[in-house]
Amino acid sequence: MMHRKKHTGSDRASPYLFDDSITSNSADDGGSAKRKGRSRNMASSTALTVTNLTKNMCLPGVPVALKLVLFSFLAFALLMVLTAKARRAHFRYKHKNSEGGLIRGPGMPVPLVDQLKQKLHFQNGNSNLSGNDNSKILQDSEDGNSAPALSSMEATKRMLAQPSKFVDAEKKLKRQLLQLLEKQTEEQKNQGKVDPNNSVLGVKISNRYLGEDLLPYPESKQAEGEWETKMNKRKDELRKQDEMEWKALMDQYNEVMVDYVEENEHADHRVGLHHDEPDVIDSKPQKPQQQQPASNVKQVTSDDNTIWSAPLKKAGDDATILLKPAFGTHRPSSNAILVFAEGYDLSIYLSFVESLANTGYSGDVVFSISNESKLKPGVKEYLLSKSNSQSEEGVNIIAYEVEWTCFKKSGESARGSGEGMNNCKMTNVFGDAAGNPVDDPREPRPVATARYELYWIWSLQYSKESWLMLLDVRDVWFQLNPFEQVNTRDKVTGELHLFGENADAVRIGTSAYNKGWLVTAYGRKTVSPYFNEPVICSGSTMGNQDAIETYLRAMVAQFDATLCKSKGCDQGFHNYLYYSGQLGKVDDETTSVGAISKLLVHEQGKGVINNLGALRTKPLKEWGMYDAEKELVLNWDGSTSPVAHQYDRDKEVNIMVKGKKKQFEQQWRLGKLNTA
């Protein structure tokens with residue numbers, strides 16, 4: 001007790017509130033009341049210290065309220081100064097300049113949203129706009145400016161004033177059904193007084209507005225059958241009308257998308273977004289986008305008299321090919337399938353190779369695969385098991401590992417091709433006469449475009465009589481030996497076979513993608529005559545080695561001439577070469593080009609390769625192109641398609657192939673697959 005009393009008295013008398021030694025010595029009893037008192041004393045002392053500092057350093061004698069007002073004003077002024085430049089830039093972008101247009105950076109395209117508003121909304125008419133206003137908006141669009149900004153109230157008013165076919169129809173349907181409800185309510189009140197044949201209780205109803213001349217319900221139970229017939233007929237008419245309106249809307253949308261793709265592709269060049277051409281604006285003029293570049297391709301007389309120079313010549317006249325297989329050996333007298341297949345898992349290789357082997361195919365399959373460190377589990381082991389160069393029979397796999405240096409569209413370095421969206425250069429593919437590696441002579445481009453240089457290198461390994469096929473890998477399913485038909489013929493050279501997509505489903509002009517690739521590469525004026533033509537698929541091509549080699553030179557030359565770097569431009573090159581006559585004319589041997597002595601184009605479903613991608617409006621079974629019982633994709637004449645390409649667009653066929661993939665994988669895992 002003496003200790004506690006002494007301690008308490010000492011603490012009350014101590015003037016040293018912040019003396020650590022005294023505080024420490026006096027805090028020996030651990031009492032909560034003691035700690036609370038000490039905390040209050042410390043807080044009071046801190047507040048007193050801050051108050052003294054404020055009085056001495058911050059305008060002594062000035063009331064605190066006034067000080068707060070002054071400090072707030074100074075902070076606001078400082079904020080305005082620091083953000084002035086950014087706010088000015090935002091204001092000038094958002095509002096019109098003195099010339100009446102929005103201010104954007106050089107080469108910056110009109111935003112896609114603005115273009116859609118202008119072409120899909122204003123061109124269809126607007127009840128809130130006068131003719132002069134509408135014309136002004138369209139003129140702004142042509143000048144590259146956005147539509148004038150609207151206030152929130154104006155925008156809301158305009159939105160509510162827009163006619164809406166579907167909303168109006170729903171309102172009318174609701175009104176008609178309310179009339180039915182009234183009739184049914186009245187009938188329930190008069191139970192037993194209404195003839196059952198004239199009753200409206202329990203009648204069928206339509207969930208769609210059918211028009212003022214046809215109610216969404218029958219007048220009576222007795223009239224239900226006749227009404228249902230009329231209803232189904234009217235729904236069919238309305239469905240066709242909806243499809244026509246939707247198609248017209250999509251056509252407008254496609255026009256906007258094509259213009260947007262073209263403008264952005266050109267804008268990329270104008271603002272120097274490609275990493276290896278930063279000085280293109282000042283140092284040299286751009287290649288004109290609206291000209292016909294293929295006609296300007298320099299004719300080079302090479303050893304085999306083709307009109308397009310070999311792709312390696314761009315690396316120098318004495319350039320050599322350094323690229324060698326990672327494993328496997330070509331069989332020069334064999335037929336071969338050439339495939340760019342980087343980045344896929346084991347199931348893709350299994351379905352491709354095993355479905356091919358099951359047809360009895362005997363020949364080479366040449367793959368471009370990822371570097372070993374990036375290969376998915378089991379891929380190399382499986383492909384090695386199919387490398388069979390010691391025998392002339394069976395499937396023989398040759399694999400190349402290509403190194404890529406890739407860049408984003410902005411020019412920043414990227415890890416990998418980005419599923420084809422990044423632009424890439426090949427490494428250690430070409431060399432000088434001494435065998436020293438040289439840099440890729442071409443600008444970065446999508447790997448889907450660069451693959452044609454790889455195909456060209458591989459094609460040199462085969463004899464002129466060999467048949468080569470260029471195929472995609474992910475969506476291909478083999479059902480018959482792809483070369484069975486040509487193997488039964490006498491040996492020929494110089495034939496090139498192209499394969500179309502369904503002409504009734506899609507044409508170049510109705511496909512935003514195909515139209516966009518052509519316009520971007522060659523300009524609208526050059527390619528507009530082809531808009532009504534069928535799409536020819538670049539993912540499936542076949543021919544003799546000499547014809548394929550010439551075709552591949554032409555494809556590489558198209559990139560050199562156009563510098564089209566959009567993913568998919570290779571399909572634009574492919575269609576341009578055919579429709580411009582650069583590959584000769586179909587079945588006309590008098591128009592041979594280089595080693596291509598005969599050009600043949602097969603309609604969809606009438607050749608060795610059946611391109612199915614455009615047939616999406618209904619299942620293949622309904623088209624008569626799939627036999628579910630036999631699990632076979634068919635040509636239009638009912639025969640089996642040797643190669644089903646783009647099969648995964650059909651749900652039932654895709655499920656079938658997925659099941660086969662699982663079987664192949666299980667068999668491989670269990671070591672039951674036949675290996676070379």
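Residues numbered from 1 in each chain as written. Predicted model: local features only at pLDDT ≥ 70, side-chain atom pairs only at ≥ 80, totals over all residues. Heavy atoms only, no water.

From N to C terminus, the chain includes 20 helices and 17 strands. Across the 676 residues in the chain, those meeting the buried criterion constitute 42%. If you take every contact in the chain between residues at least 6 apart in sequence, the share linking residues at least 24 apart comes to 72%. For the chain, the exposed surface amounts to about 36,900 Å²; the carbon and sulfur share of it is 53%. (Helix = DSSP H or I, 4+ residues; strand = E, 2+ residues; numbered from the N terminus. Buried < 20%, exposed > 50% of the residue type's maximum accessible area, 1.4 Å probe, protein only. Contact = heavy atoms within 4.5 Å. Areas by Shrake-Rupley, 256 points an atom, 1.4 Å probe, with all protein chains shown as cover.)

Attention shifts here to the sheet that holds strand 9 (residues 467-471). Reading across the sheet, the seven strands line up as 4-3-2-9-12-11-13 and stay open at both edges, with mixed pairing between neighbours. Two strands in the sheet have a free side with no partner beyond their single neighbour: strand 4 (395-401) and strand 13 (598-602). Strand-to-strand twist in this sheet, taken as the mean axis angle between neighbours without regard to direction, amounts to 20°. Bridging between strand 3 (residues 363-369) and strand 4 involves seven bridges; their strand directions are parallel. When the sheet's bridge partners are listed, V365 is paired in strand 4 with I397. In the packing of helix 11 (residues 346-357) onto the sheet, contacts are made with strand 2 (336-340), strand 3, strand 4 and strand 9, and the angle to strand 3 comes to roughly 175°. The strands touched by helix 17 (residues 545-562) are strand 9, strand 11 (495-500) and strand 12 (536-544); relative to strand 12, the strand with the most contacts, the crossing angle is about 140°. (Pairing = 2+ DSSP bridges. Axes fitted to C-alpha atoms, helices over the stretch in contact; angles between N-to-C directions.)

Moving on to the state of the cysteines. Under the defined criterion, the tally for this structure stands at two disulfides. Bridging C406 to C424, the disulfide has an S-S length of 2.1 Å. Because the torsion about its S-S bond is 105°, the bridge between C406 and C424 counts as right-handed. With C406 in strand 5 (residues 403-407) and C424 in strand 7 (residues 423-427), this pair connects stretches of sequence that are 18 residues apart. Since its relative accessible area comes to 3%, C406 is described here as buried. Overall, C424 belongs to the buried group, its relative accessible area being 0%. C564 shares a disulfide with C569; S-S distance 1.7 Å. Owing to a relative accessible area of 1%, C564 belongs among the buried residues under this scheme. The class for C569 is buried, based on a relative accessible area of 0%. (Disulfide = S-S within 2.5 Å.)

We now examine the side chain of Q479. Counting through the fold element by element, Q479 comes out in the loop between strand 10 (476-478) and helix 14 (484-487). From its side chain, Q479 meets the backbone nitrogen of V633 in a polar contact 2.8 Å long. Residues in contact with Q479, not counting those within four places in the same chain, are T359, E631, L632, V633, T640, S641 and P642. (Polar contact = N/O pair within 3.5 Å; in protein donor to acceptor, adjacent residues only side chain to side chain.)

Below, the discussion takes up the sheet that holds strand 5. With respect to topology, three strands assemble into an open sheet ordered 6-5-7, the strand pairing being antiparallel. Edge positions in the open sheet fall to strand 6 (413-414) and strand 7, since each of these has one partner strand only. Sheet topology places strand 5 next to strand 6; two bridges connect them, and they run antiparallel. Each residue of the ladder has a partner; that of F407, found in strand 6, is S413.

Taking 1.5 Å of rise per residue, the 18 residues of helix 17 would be expected to cover 26 Å, and the 26 Å separating its terminal C-alpha atoms lies within 8% of that figure. With 17 of 18 residues buried, helix 17 is to be regarded as a mostly interior element. Where helix 17 ends, the next residue or the one after it, L563, has phi of about 55°, a positive value. (Expected span 1.5 Å × (residues − 1).)

What follows covers the packing of helix 11 against helix 20 (residues 651-669). Two numbers describe how helix 11 lies on helix 20: the axes approach to 9 Å, and their chain directions differ by 95°. By the criterion of interaxial angle, the relationship of helix 11 to helix 20 is roughly perpendicular. The segment helix 11 lies against helix 20, with L346, S347, I348, L350, S351, E354 and S355 engaging K661, F664, E665, W668 and R669. Residue composition of the contact of helix 11 with helix 20, grouped by class: five nonpolar, three polar and four charged. (Parallel < 35°, antiparallel > 145°, perpendicular 65-115°, else oblique. Nonpolar A, V, L, I, M, F, W, Y, C, P; charged D, E, K, R; others polar.)

Further remarks concern helix 15 (residues 512-522). The buried count for helix 15 comes to nine of 11 residues, which makes it a mostly enclosed element. Every buried residue belonging to helix 15 is among N514, K515, G516, W517, L518, V519, T520, A521 and Y522, and all of these are buried. Backbone geometry just after helix 15 places G523 at a positive phi near 95°.

Right, let's talk about the packing of aromatic side chains for a bit. Two measures describe an aromatic ring pair: the distance that separates the ring centres and the angle between the ring planes. Per the counting criterion, the structure on display carries 17 aromatic pairs. Here the aromatic rings of Y530 and Y579 are separated by 5.9 Å at their centres, their planes lie at 25°, and the arrangement is stacked. Of this pair, Y530 sits in the loop between helix 16 (524-527) and strand 12 while Y579 sits in helix 18 (residues 569-579), and the two are 49 residues apart along the sequence. Given a relative accessible area of 13%, Y530 falls into the buried group. The exposure class of Y579 is buried, given its relative accessible area of 18%. (Phe/Tyr/Trp six-rings, centres within 6.5 Å; stacked < 30°, edge-to-face > 60°.)

Turning our eyes to something else, we now look at the environment of L632. If you trace the backbone, L632 turns up in strand 16 (residues 632-633). Considered as a pair, L632 and P642 are 10 residues apart in the sequence and their alpha carbons are 9.8 Å apart. L632 has contacts with Q479, M625, Y626, D627 and T640, leaving out every residue within four places of it along the chain.

A contiguous nonpolar patch, built from L66, V69 and L70 and spanning about 260 Å² of accessible area, is present on the exposed surface. As for its position among the elements, V69 is in helix 4 (residues 64-94). Assessed through its relative accessible area of 53%, V69 is described here as exposed. (Patch = residues over 30% accessible without salt bridge, like charges linked within 9 Å, V, L, I, M, F, W, Y side chains within 5 Å. Salt bridge = Lys/Arg side-chain N within 4 Å of Asp/Glu carboxyl O.)

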